[in-house]
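Tertiary structure, described
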Amino acid sequence: MHRFSSLNPSREHYICHDLQTLVQLESRWLGGCIYRLPCFQEREWVVFPARAGLRWAGRRRPEVPLRAEMTWSSGPGQYLQHSIVPTMHYQDSLPRLPIPKLEDTIQRYLSAQKPLLNASQFRQTEQFCKNFENGIGKELHKQLVAQDKQNKHTSYISGPWFDMYLSARDSIVLNFNPFMAFNPDPKSEYNDQLIRATNMVVSALRFLKTLRAGLLEPEVFHLNPAKSDTNTFKRLIRFVPSSLSWYGAYLVNAYPLDMSQYFRLFNSTRLPKSGRDELFTDDKARHLLVLRRGHFYVFDVLDPDGNIVSPSEIQAHLKYILADSSPVPEFPLTFLTSENRDVWAELRQKLMHSGNEEMLRKVDSAVFCLCLDDFPIKDLVHLSHTMLHGDGTNRWFDKSFNLIVAQDGSAAVHFEHAWGDGVAVLRFFNEVFKDSTQTPAITPQKQLATANSSASVQKLSFKLNDALKAGITAAKEKFDATMKTLTIDSVQFQRAGKEFLKKQKLSPDAVAQLAFQMAFLRQYGKTVATYESCSTAAFKHGRTETIRPASSFTKRCSEAFVREPSKHSASELHQMVAECSNYHGQLTREAAMGQGFDRHLFALRYLAAAKGIALPELYLDPAYGQINHNILSTSTLSSPAVSLGGFAPVVPDGFGIGYAVHDNWVGCNVSSYPGRNAREFLQCVEKSLEDMFDVLEGKSIKT
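**Section: the overall build of the protein**
Helix and strand counts for the protein come out as 23 helices and 21 strands. Per-residue burial for the protein yields a buried fraction of 57% across its 703 residues. In the protein, the share of contacts with a sequence separation of at least 24, taken over all contacts with a separation of at least 6, comes to 76%. Entry remark: accessible area of the protein is about 29,500 Å², with carbon and sulfur atoms responsible for 52%.

**Observations concerning the sheet that holds strand S15 (residues 487-493)**
Taken together, the six strands give an open sheet; going across it, the order is S15-S21-S20-S18-S16-S17, and neighbouring strands pair in mixed fashion. Only two strands of the sheet have a single neighbouring strand rather than two, namely S15 and strand S17 (544-547). Neighbour-to-neighbour, the strand axes of this sheet turn through a mean angle of 25°, independent of strand direction. Where strand S20 (residues 655-661) and strand S21 (residues 666-672) come together, seven bridges link them in antiparallel fashion. Note on S21: the bridge partner recorded for Phe-655 is Ser-672. The sheet strands contacting helix H20 (residues 598-610) are strand S16 (530-535) and S17, and the helix crosses S17 at an angle near 120°.

**Some remarks on the packing of aromatic side chains**
One pass over the structure, following the stated rule, counts 32 aromatic pairs. Across from the ring centre of Phe-162, 4.9 Å away, lies the NZ or CZ of Arg-543, which sits over that ring. Just above the ring of Tyr-524 sits the side chain of Arg-676; from NZ or CZ to the centre is 4.4 Å.

**Regarding helix H12 (residues 380-388)**
Summarising burial for H12: seven of the nine residues are buried, a large majority. Looking only at H12, the buried set comprises His-382, Leu-383, Ser-384, His-385, Thr-386, Met-387 and Leu-388. Close packing links the buried residues of H12 with strand S4 (179-182), strand S12 (401-405), strand S13 (411-415), S15, strand S19 (642-646) and S21. In this structure Asp-379 caps H12, since a side-chain oxygen of it lies 3.2 Å from the backbone nitrogen of Val-381. Gly-390 occupies a position one or two residues after H12 and carries a positive phi of about 60°.

**Things to note about the sheet that holds S19**
What holds strands together in a sheet is hydrogen bonding between their backbones, with the strands either parallel or antiparallel. If you walk across this open sheet you meet the eight strands as S14-S10-S9-S11-S12-S13-S4-S19, and the pairing is mixed. Of all the strands in the sheet, just strand S14 (458-460) and S19 have a single pairing partner and so form its edges. The average undirected angle you get between the axes of adjacent strands in this sheet is 25°. Strand direction decides the pairing type here: S4 and S19, joined by four bridges, are antiparallel. For Phe-179, the partnering residue across the bridge sits in S19 and is Gly-646. Packing against the sheet, helix H10 (residues 311-322) makes contact with strand S9 (287-292), strand S10 (295-300) and strand S11 (369-372), and its axis sits at approximately 165° to S10. This element, helix H13 (residues 422-438), spans S4, S12, S13 and S19 of the sheet and lies at about 15° to S4.

**A closer look at the confidence of the model for the protein**
Mean pLDDT over the protein stands at 90; residues scoring 70 or higher make up 89%. Considering only residues more than four positions removed or in separate chains, one finds that residues 1-71, a stretch of pLDDT under 50, has 130 contacts.

**Side note on the packing of helix H11 (residues 341-365) against helix H15 (residues 466-484)**
It is at 10 Å that the axes of H11 and H15 come closest, and there the two elements cross at 145°. Here H11 and H15 pass one another in a crossing that is left-handed. On H15, the residues touching Leu-347, Lys-350, Leu-351 and Ser-354 of H11 are Ala-467, Leu-468 and Gly-471. Of the residues in the contact of H11 with H15, the class split is four nonpolar, two polar and one charged.

**Side note on the pairing of S11**
Burial of the side chains of S11 extends over both faces: Cys-369 and Cys-371 are buried on one face and Leu-370 and Leu-372 on the other. By the bridge criterion, three bridges tie S9 to S11 in an arrangement that is parallel. Paired with Leu-289 across the bridge in S11 is Cys-369. Across four bridges, S11 lies against S12 in parallel orientation. Its bridge partner lying in S12, Leu-372 is registered against Val-405. Following the backbone out of S11, through H12 and into the adjacent parallel S12, one traces a crossover that is right-handed.

**Observations concerning the side chain of Gln-78**
Note that Gln-78 resides in the loop between strand S3 (45-49) and helix H2 (102-113). A distance of 3.1 Å separates the side chain of Gln-78 from the side chain of Lys-209, its partner in a polar contact. A distance of 2.8 Å separates a polar atom in the side chain of Gln-78 from the backbone nitrogen of Ile-308.

**So, unusual backbone geometry**
Here Arg-293, not a glycine, exhibits a phi torsion of approximately 50°, which is positive. Among the secondary structure elements, Arg-293 is positioned in the loop between S9 and S10. For Arg-293, a relative accessible area of 24% gives the class partly exposed. Unlike most non-glycine residues, Lys-505 shows phi in positive territory, near 60°. Secondary-structure assignment places Lys-505 in the loop between helix H16 (498-503) and helix H17 (508-524).

**Side note on the environment of Lys-284**
Mapped onto the secondary structure, Lys-284 falls in the loop between strand S8 (278-281) and S9. Between the C-alpha atoms of Lys-284 and Gly-306, which are 22 residues apart in sequence, the distance is 9.1 Å. Looking at Lys-284, its side chain comes within polar contact range of the side chain of Asp-283, at 3.4 Å.

**Some details on the pattern of salt bridges**
Across all of its chains, the model carries 38 salt bridges by this definition. We note a salt bridge from Arg-206 to Asp-435, for which the minimum N-O separation is 2.5 Å. Placement of Arg-206 in helix H6 (residues 193-212) and of Asp-435 in helix H13 is noted, with a sequence separation of 229 residues between them. Arg-206 gets classed as buried once you look at its relative accessible area, which sits at 6%. For Asp-435, a relative accessible area of 9% translates into the label buried. A salt bridge links Arg-270 to Glu-416; the nearest nitrogen and oxygen atoms lie 3.0 Å apart. Of this pair, Arg-270 sits in strand S7 (residues 268-271) while Glu-416 sits in the loop between S13 and H13, placing them 146 residues apart in sequence. Here the salt bridges share partners, and the residues they tie into one network are Arg-169, Arg-270, Asp-277, Arg-341, Asp-342, Asp-398 and Glu-416.

Reading the values: the criteria
- Residues numbered from 1 in each chain as written.
- Predicted model: local features only at pLDDT ≥ 70, side-chain atom pairs only at ≥ 80, totals over all residues.
- Heavy atoms only, no water.
- Helix = DSSP H or I, 4+ residues; strand = E, 2+ residues; numbered from the N terminus.
- Buried < 20%, exposed > 50% of the residue type's maximum accessible area, 1.4 Å probe, protein only.
- Contact = heavy atoms within 4.5 Å.
- Areas by Shrake-Rupley, 256 points an atom, 1.4 Å probe, with all protein chains shown as cover.
- Pairing = 2+ DSSP bridges.
- Axes fitted to C-alpha atoms, helices over the stretch in contact; angles between N-to-C directions.
- Phe/Tyr/Trp six-rings, centres within 6.5 Å; stacked < 30°, edge-to-face > 60°.
- Lys NZ or Arg CZ within 6 Å of the ring centre and 35° of its normal.
- Polar contact = N/O pair within 3.5 Å; in protein donor to acceptor, adjacent residues only side chain to side chain.
- pLDDT = per-residue confidence, 0-100.
- Left-handed = near helix turned anticlockwise from the far one by under 90°.
- Nonpolar A, V, L, I, M, F, W, Y, C, P; charged D, E, K, R; others polar.
- Right-handed = clockwise from strand over helix to strand, strands pointing away.
- Salt bridge = Lys/Arg side-chain N within 4 Å of Asp/Glu carboxyl O.

Below is the structure:
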């Protein structure tokens, strides 16, 4: 048997006669993919490091299953996948986020302003733009480009965007944090709260281990998956140096995406600080934070070697927590994370000075936060309210994400937005759903393990003085009052969806956005500032860009459908929809390629403030304020794992619109405050979709 001290990393392979050496080899070759092939003798393995080349005398590696007898702590159950291409293989060679030409930004900005302004307002805005382009804007743009050249390791928007999130003083609840809800497990018996929570925790930990070992498949957008999403291509590209690998993928129409945010998924928390919050990560911590009825529990889910503890042990600990009948605390600490950030920062200092430093450290450094709710979900509206904000007692809103599992097994991810965007969270979400439903760690039939949970599970206790109790009471009152003002409603339009629209050669996203424009015009009689988020993860440290769906095309089309349908034939209306689709497609492509106008203008404004330059008049123009007062804030995601997602409006008189165009139906989840009527808006959305589908089928619009 080879001893660990004598291991030679240049050796092609080892024969292992015991499991201990196998685990030692895994540790020695961490970062390379380990292939473990059972030999013919009992309890013997041939082990190859991926970087040894795995030549097999010129033949393809045989597909042999891993040994079933391996223990949990060292077996394949520790990882989701064993990618032969290292996770961060493309990161170094990702292209940099381009800074658009100033004249292009101004032209795009004016195009977006046109449908929102009358003639005299537009002329005034044009003049502000002209002065900016030929004056201070030109100088700021030049400085931004120079600064970008000095910082080739990142993007021009990354720093300002982090600052924007972390400097915001409003509560992160409703104002920033969204949620995504999982579809139920297809096997109904697996939707038991304890079973599902255990399986999801284990799958999340598998994701963590796979990511940190570099074994997670890199995130790649495949335009021609038949060429690029193949083992042949992967076996070739892994030998291309990281500094060139992006170009190799590009040659086969594959676009690797930025993965720099992924490490913040785990062991991370947003810490409240006066003026500007901080992001904290401690990847050495091995414990899970569990919230139930406002009580805090922690227990280790990784052993000292970094291996996931046995799923049956995790299940036993969660069962022990679920059996705790303690009532909700009189002063639930969780409400503080829903406070104004400066108020929370001051109260946190008081918490630290009252002897709670160690307890807070456990909360902040936990792998993630699991929230076990003690009630079932009644319907989609209840699901949205529960996952977006809940009653405030059972969430730690500052954690990078809360994994929420209700009493009936309904589950969701609620995430803090400063550290990252939807691309990273959705990848995690999809992998956890797939792994927990297809290869669950525990089954309903399995006997519960006997574990000493009373010794392993620590219930955290916080010392609260009168000032802290008063702070919690005030935070709870504010939270309760705010949540009462939020309305959420949803609709499922079942007539048709993506398949039908693609046959019509129309962009499904464009049609959904056009329906929102028509609906608002029908309900309120005008066209307003609209925001659609678009990822720029195709670039190094890209974040998001804004698509501006309200255009001169959508305004003309909406007015024709809503105000004067009888004046136009079905074919004329069809043509207008097609024009909207084409233009929306152009805006989407531009945004994804970093050629929108919003982030560029934001960065120029940020630079002016940083240099102490007086705010240019373009930013003082009421039209600039209006276009950034996004009454329709929209975001879409489509995934077999997602049942629905949602977020609150970004302005008091706005709508928060989460939507998805599925193969044969369209889902829409809308939130609003008292100034707007979400139910009526959804009825107008349905009417708009009905009208468009009638027209696309050559029928006249029903009045």
